[in-house]
Amino acid sequence: MTGRWKFLVLGFLCCFILFIPISAAGENPEAKNLYERAQFEISDGNYEEGLKFIDQALALAPDNLDYQITRGQAFMELKKYDEAEAQFLKVMASGPEGQKRASTELAALYARTKRFDKAYEAYTKAIEAVPQRPDLYLARGSILVELKEYAKAEADFSKAVQVDAKVAPAAMLHRALASYRQEDYTQAKARLDEALALNPSEVLADQIKKFKAAVEKEEKARKWWGISATVVLQYDDNVSMEPVEGFVDMPGAPATGKDDVLFGGNVTGLFYLINRRTKDFGFAYTFRNYLYADLDENDLLAHTIGSFFSYNKDPWYFRLEGDVSFYWANHIDKLTLYSLRPSVTFVISEVDRTTVLAGYEYKLMHDGTDDVNRYVLGALHYHTFKREGGGRLTARAGFQYELEEPTGTVTARSRLYELKGGLTVPLPRQIDADFGLGYAWVYFDLNPGFDPDTARDDRRLTVSAKIGRAFMENLRADLMWTHTYNDSNLADADARDLYEFHRNIFSLVLTGAF
């Protein structure tokens, strides 16, 4: 071979080596195939299966950063955050390239798990590695908003625009979020209008418009007053809860005059001294008036005056309500009711929350019967199932305990133990339905005046259904049905259950809030 040909061959080999992709030159073909299969499974939502193929690929190419990063991302999707964190930290420890690749993933993990201090540190390292990425400044600014470091957040949003002016609409959206978090709704709306004026993409413009609608809705909710009104049309087939086989003081007589139609409603006014996102405090007044077509003795008129306080610090929500109510039946003063109702809600996750509620009531009777102390303790757990195509189905289950202690001897002391369940289902055309079920055991102490030999022991089944829809922004209509069946252990000389009854209530309820 002549010197000229040797020179040409050598030059060709050098060019070939220089222009071969480094990853392709050193990548194990079998590992690459396994990795591609893993990506396919992960994109299809089969994260566990994808992890199996990634682990096989890493066994052949343990130092491949792409494989390691994807492994951490799969753990993230499976909400195995400890495993994901360990994987990203391993990549970070591998060297400068690993720090560059894994810092943003680690920051996203910390943000998702609400470890905002660590998320800030991770985004700072990412910015140090790649200072020309505007999205990193936006992301770090969002973390600073969560940390309530609003001045630093504003600086990051400005820096993002300096790096790339194209992100100006997104930066302004982030500024609006900072204003919203500080409950400055006027400034938030002005910034959203400015973001729209910067000609954002169609997708971003849609997000801005939806956020502005949410800001306007909350701004209305934060006003110092509120009024709600309810109108009810109801049919009750057993208003007085008469026994199935008639009154015991009329042996053999059927129950008569027990069904009726009711019309009425209530109006509530709220007056806030404090109305913030994390806490509110104020006073309330409610007027109720319900009138029966025939059974006038059951007509109800009531005034309620009360106060309320709530405090919200994620993941806890506490509320305390107290009030006094004055009740009249057919223009006769019947009852003054004093009540206190604390409740605590713990938000476990996006789909799970638990509410514990308690209550105390003092019934001051004006009809000659015993005054009564009533105590309530209960809990409900809610779980939301996300459905494909949108919409959420929420199930609930819990229990309630009630104790009624009369101050005299006319009324018997009673204890109630109830199991509860229910389901809320979204339906087409913005309609929603709710179904409830309860079963209670009610025990009464021996009452010498009424049950000289045997203490009363009831079983009570309650079934309910509701279907409704919101109209416009402030109006809602609901159709409701409630069935109650009560059975006891007591019987008269004719073997009739003295306290067995069925009751069905059908209601049309219109509610407006202003």
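None of the values given here were measured: they were computed from a predicted structure.

Undergrad: With reference to specific residues and values, describe the overall build of the protein chain.
TA: Secondary structure assignment for the protein chain yields 13 helices and 14 strands. Each principal axis of the C-alpha atoms in the protein chain carries an extent, and together these give about 130 × 50 × 40 Å. Burial statistics for the protein chain: of 514 residues in total, 37% are counted as buried. The contacts of the protein chain with a sequence gap of at least 6 include a subset with a gap of at least 24, amounting to 51%. As displayed, the protein chain offers around 29,700 Å² of accessible surface, 60% of which is attributable to carbon and sulfur atoms. The average position of the 61 basic charges and that of the 75 acidic charges among the side chains of the protein chain differ by 11 Å.

Undergrad: Tell me about helix α13 (residues 202-221), and please be specific about residues and values.
TA: For α13, which comprises 20 residues, the first-to-last C-alpha distance of 29 Å matches the rise-based estimate of 28 Å (1.5 Å per residue) to within 8%. Taken residue by residue, α13 has L204, A205, I208, F211, V215 and E218 as its buried positions. Down the axis of α13, the buried set is contained in an arc of 145 degrees. They therefore lie on one face. Opposite the packed face of α13, turned more than 90 degrees from it, sit the exposed residues E202, V203, K209, K210 and K217. Those residues of α13 that are buried are in contact with α11 (168-181) and α12 (185-197).

Undergrad: Mind laying out the nonpolar core, listing which residues take part and the relevant values?
TA: Among the nonpolar cores identified, the biggest contains 60 residues, and Y67, F88, L109, L138, L192, F211 and V215 are the most heavily contacted of them. Considering every element that reaches this core, the biggest residue donor is α11, with 7 residues. Apart from residues no more than four positions distant in its own chain, F211 is found in contact with L173, A176, L177, Y180 and L192. V232, V239, L262 and Y292 belong to the second-largest nonpolar core, a separate cluster that totals 7 residues.

Undergrad: Provide a residue-level description of the packing of α11 against α12, including the pertinent values.
TA: Their axes nearest at 8 Å, the elements α11 and α12 cross at an angle of 170 degrees. As summarised for this structure, α11 and α12 are arranged roughly antiparallel, according to the angle between their axes. In contact with P169, M172, L173, R175, A176, S179 and Y180 of α11, α12 contributes Y185, Q187, A188, R191, L192, E194 and A195. Residues belonging to the contact of α11 with α12 are distributed by class as follows: 9 nonpolar, 2 polar and 3 charged.

Undergrad: Just give me the short version of the packing of helix α5 (residues 65-77) against helix α7 (residues 96-112), but keep the residues and values in it.
TA: For any two helices packed against each other, the geometry comes down to the angle between their axes and how far apart the axes lie. Where α5 meets α7, the axes come as close as 11 Å, and the angle between the chain directions of the two elements is 5 degrees. In terms of orientation, α5 lies roughly parallel with respect to α7. Taking contact as the criterion, the partners of L65, D66, I69, Q73, M76 and E77 in α5 are, on α7, E97, G98, R101, A102, E105, A108, L109 and R112. Broken down by class, the residue content of the contact of α5 with α7 amounts to 6 nonpolar, 2 polar and 6 charged.

Undergrad: So what's going on with the packing of aromatic side chains? Which residues, and what values?
TA: A full pass over the atoms with the stated rule returns 11 aromatic pairs. Taking 5.7 Å as the distance between ring centres and 65 degrees as the angle between the ring planes, the aromatic pair formed by F281 and F283 counts as edge-to-face. Residue classification places F281 among the partly exposed residues on the basis of a relative accessible area of 27%. Summarising the aromatic geometry, the rings of Y401 and Y417 are spaced 5.2 Å apart at their centres and angled 45 degrees between planes, so their arrangement reads as tilted.

Rules and cut-offs
- Residues numbered from 1 in each chain as written.
- Predicted model: local features only at pLDDT ≥ 70, side-chain atom pairs only at ≥ 80, totals over all residues.
- Heavy atoms only, no water.
- Helix = DSSP H or I, 4+ residues; strand = E, 2+ residues; numbered from the N terminus.
- Buried < 20%, exposed > 50% of the residue type's maximum accessible area, 1.4 Å probe, protein only.
- Contact = heavy atoms within 4.5 Å.
- Areas by Shrake-Rupley, 256 points an atom, 1.4 Å probe, with all protein chains shown as cover.
- Lys, Arg positive; Asp, Glu negative; His and termini not counted.
- Charge placed at Lys NZ, Arg CZ, Asp CG, Glu CD.
- Expected span 1.5 Å × (residues − 1).
- Arc of directions from axis to C-beta.
- Core = buried A, V, L, I, M, F, W, Y, C linked by side-chain atoms within 4.5 Å.
- Axes fitted to C-alpha atoms, helices over the stretch in contact; angles between N-to-C directions.
- Parallel < 35°, antiparallel > 145°, perpendicular 65-115°, else oblique.
- Nonpolar A, V, L, I, M, F, W, Y, C, P; charged D, E, K, R; others polar.
- Phe/Tyr/Trp six-rings, centres within 6.5 Å; stacked < 30°, edge-to-face > 60°.

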